[in-house]
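Residue-level structural notes
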2 protein chains.
Amino acid sequence: MAQNDKNTEQRILDAAGEVFHSKGFDGARMQEIAQHAGINKGLLHYYFKTKDALFDAIFGIALNQIVSRINIILEQDLSLDEKIDLIVDQYMDLLLKNPMLPRFVLNELNKNADKFIARHFNQKVKSSFSKFPISVNEEVSKGAIRFIDAHQLFTDLISLVMFPFVGKPMLQTVFGTDNNEYKKLLEARKSHIKEFLKAAMRV
Amino acid sequence: MAQNDKNTEQRILDAAGEVFHSKGFDGARMQEIAQHAGINKGLLHYYFKTKDALFDAIFGIALNQIVSRINIILEQDLSLDEKIDLIVDQYMDLLLKNPMLPRFVLNELNKNADKFIARHFNQKVKSSFSKFPISVNEEVSKGAIRFIDAHQLFTDLISLVMFPFVGKPMLQTVFGTDNNEYKKLLEARKSHIKEFLKAAMRV
DNA sequence: GTCTATATCATGATAGAC
DNA sequence: GTCTATCATGATATAGAC
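A brief structural summary. (Residues numbered from 1 in each chain as written. Chains lettered and ligands numbered in written order. Predicted model: local features only at pLDDT ≥ 70, side-chain atom pairs only at ≥ 80, totals over all residues. Heavy atoms only, no water.)

**Considering empty space enclosed by the protein**
Across all of its chains, the model carries 4 cavities of 30 Å³ or more by this definition. Within this model, the largest cavity holds a volume of roughly 250 Å³. Lining the largest cavity are 27 residues, with Asn107 and Lys111 of chain A together with Asn107, Glu108 and Lys111 of chain B sitting closest to its centre. If you list the elements that add at least two residues to the lining of the largest cavity, you get helix H1 (2-27) and helix H6 (101-111) of chain A together with helix H1 (2-27) and helix H6 (101-111) of chain B. (1 Å grid on protein atoms, 1.4 Å probe; cavity = no way out; pocket = protein on both sides within 12 Å on 5 of 7 lines; lining within 4 Å. Points joined across faces, edges and corners; volume = space filled by probe spheres on them. Helix = DSSP H or I, 4+ residues; strand = E, 2+ residues; numbered from the N terminus.)

**Comments concerning the relation of the copies chain B and chain A**
When chain B is fitted to chain A, the residual RMSD is 0.0 Å, and the transformation amounts to a turn of 180° plus an axial shift of 0.0 Å. Considering both components of the superposition, the chain copies are consistent with a two-fold axis. It is Ala200 of chain B whose C-alpha, among those of chain B, lies nearest the rotation axis, at 1.9 Å. The fraction of interface residues of chain B whose copies in chain A are also interface residues reaches 100%, indicating that both copies meet through the same surface. (Least-squares fit on C-alpha atoms with pLDDT ≥ 70 in both. Contact = heavy atoms within 4.5 Å.)

**Quick look at the packing of aromatic side chains**
All names here are of chain A. Considering all chains together, one arrives at 25 aromatic pairs over all chains under this definition. Aromatic side chains Tyr46 and Tyr47 sit 5.5 Å apart centroid to centroid with 85° between the ring planes, which places their arrangement in the edge-to-face category. Residue classification places Tyr46 among the exposed positions, given a relative accessible area of 65%. Note on Tyr47: relative accessible area 21%, which makes it partly exposed. The positively charged end of Lys51 is found above the aromatic ring belonging to Phe25, 4.4 Å away from the centroid. (Phe/Tyr/Trp six-rings, centres within 6.5 Å; stacked < 30°, edge-to-face > 60°. Buried < 20%, exposed > 50% of the residue type's maximum accessible area, 1.4 Å probe, protein only. Lys NZ or Arg CZ within 6 Å of the ring centre and 35° of its normal.)

**Notes on the interface of chain B and chain A**
In this assembly, 51 residues from chain B lie in contact with 51 residues from chain A. Carbon and sulfur atoms supply 69% of the area buried between chain B and chain A, which totals about 4,800 Å² over both sides. Put simply, chain B and chain A have 2 salt bridges between them. With a closest N to O distance of 2.6 Å, Asp156 of chain A and Arg189 of chain B form a salt bridge. Taken together, the connections running from chain B to chain A amount to 14 residue pairs in polar contact (both at pLDDT 80 or more). (Buried area = accessible area lost by both parts, 1.4 Å probe. Salt bridge = Lys/Arg side-chain N within 4 Å of Asp/Glu carboxyl O. Polar contact = N/O pair within 3.5 Å; in protein donor to acceptor, adjacent residues only side chain to side chain.)

**Quick look at the packing of H6 of chain A against H6 of chain B**
Between H6 of chain A and H6 of chain B, the shortest axis-to-axis distance is 11 Å and the interhelical angle comes to 130°. Considering the angle they form, H6 of chain A stands oblique to H6 of chain B. The chirality of how H6 of chain A crosses H6 of chain B is left-handed. Together, Arg103, Leu106, Asn107 and Asn110 of chain A of H6 of chain A and Arg103, Asn107 and Asn110 of chain B of H6 of chain B make up the contact between the two elements. The class makeup of the residues in the contact of H6 of chain A with H6 of chain B is 1 nonpolar, 4 polar and 2 charged. (Axes fitted to C-alpha atoms, helices over the stretch in contact; angles between N-to-C directions. Parallel < 35°, antiparallel > 145°, perpendicular 65-115°, else oblique. Left-handed = near helix turned anticlockwise from the far one by under 90°. Nonpolar A, V, L, I, M, F, W, Y, C, P; charged D, E, K, R; others polar.)

**Description of the packing of helix H5 (residues 80-97) of chain B against helix H10 (residues 150-166) of chain B**
Residue and element names in this part refer to chain B. As a packed pair, H5 and H10 sit with axes 10 Å apart at the nearest point and diverge in direction by 20°. Comparing their axes, H10 and H5 come out roughly parallel. The handedness of the crossing between H5 and H10 is right-handed. Contact residues: Ile84, Ile87, Val88, Tyr91, Met92, Leu95 and Leu96 in H5; Leu153, Leu157, Val161, Met162 and Phe165 in H10. By residue class, the composition of the contact of H5 with H10 is 12 nonpolar, no polar and no charged.

**Describing the layout of surface pockets**
The gaps of empty space that remain are located by a probe, the size of a water molecule, rolled over the atoms. All names here are of chain B. Of the voids in this model, the largest pocket is the one considered here, and its volume is about 270 Å³. Along its surface, the largest pocket is lined by 14 residues, and Asp14, Gly17, Glu18, His21 and Asn98 are the ones closest to its centre. Every element with two or more residues in the lining of the largest pocket is listed here: H1 and helix H4 (51-75). Here the lining of the largest pocket gets 6 residues from one element, more than from any other, and that element is H1. The residue inventory of the lining of the largest pocket, partitioned by class, reads 7 nonpolar, 5 polar and 2 charged.

**Digging into the side chain of Asn107 of chain A**
Among the structural elements, Asn107 of chain A can be located in helix H6. Setting aside residues no more than four positions away along its own chain, Asn107 of chain A makes contact with Arg103 and Asn107 of chain B.

Spelled out as structure tokens, the structure:
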């Protein structure tokens with residue numbers, strides 16, 4: 001029983017992840033999730049009483065994938081350069097494996113910011129982020145980098161990493177590239193962003 | 001009649017814009033659009049036979065707002081620096097007035113890329129973009145900027161401009177800022193991005 | 001645990017009076 | 001053109017057999 005339970009529940013979570021990530025809460029259908037999981041609607045509701053409950057499970061996983069990484073990195077005792085490189089590398093790896101993650105999270109977060117922010121963006125995130133401006137300002141006063149506002153720099157960093165995934169359909173069309181070429185551009189971005197940021201920060 | 005027609009139709013378009021932009025196609029309700037416009041569902045369907053037809057009108061306007069600007073700028077005979085500055089200024093202005101535009105467009109574009117891309121991203125966009133890499137490569141060979149892949153640079157540019165709007169709920173929470181402070185950060189971004197890009201491109 | 005009905009409700013869309 | 005019903009569909013959720 002426990003064995004079967006786990007398998008079915010995991011299959012449901014996998015299926016729900018795929019469907020919610022690609023269609024969002026409003027566009028997702030319980031029927032489609034059931035199909036993907038190879039079960040029927042009745043059983044789906046047996047495991048997750050409501051669509052909302054199932055969604056919350058999926059969203060929690062997704063948000064955690066995004067938030068936990070940054071938490072861990074910012075908590076470590078590293079130089080600003082090292083922190084930036086780690087963030088770029090880890091997020092690019094994460095997003096190359098889950099390209100729909102940022103669009104899904106940002107979109108749902110936007111539709112219902114208060115609810116999810118209160119639940120998942122706890123004080124820990126804010127307090128570990130607060131160390132980033134300190135690092136930046138230290139480097140600025142040492143003269144190691146030119147003056148940059150820490151919030152703007154963090155925004156730049158996250159933008160450069162995440163947007164190419166969110167904006168794929170648009171950029172790909174403008175460039176006239178196919179999926180393969182675009183994927184190469186994304187893979188090349190890891191080193192590009194690191195160089196780009198370093199260059200932008202030089203005094 | 002023509003007078004009243006136009007007023008009602010315009011009120012519908014305004015209302016539909018608000019609702020579609022904030023909730024997306026799947027989350028939007030004809031009932032809510034009718035309410036916003038101060039009419040009832042029957043009349044709404046009289047002006048736009050189906051939800052799809054109404055959505056197409058709204059999406060076309062939105063996509064055009066984004067695409068037309070870049071088209072015009074890239075067609076002009078300007079230096080790379082001037083082009084970049086113009087794109088940053090014009091898009092930041094556009095998005096500060098319509099903060100939900102990029103998320104709306106990118107999201108819907110993603111759910112149904114083929115359909116909309118074929119209809120709206122015509123050959124004109126691609127051909128006017130093709131001039132961007134030429135400008136970049138010229139500057140590189142002149143030694144005016146360091147070597148940068150043109151596609152990456154364009155991706156950087158659009159990312160830096162658009163992402164802060166798409167990612168507002170996340171960044172705002174991480175920063176712990178209220179709406180007013182975040183708006184100031186966005187307004188300050190115009191000059192920040194221009195400086196940042198210049199610095200990153202320096203040899 | 002898993003399936004097959006079925007209840008319930010919301011939504012897009014239409015018909016028809018004014 | 002505008003409104004008030006009303007229809008038809010499809011989706012979530014539940015009940016109950018196995």
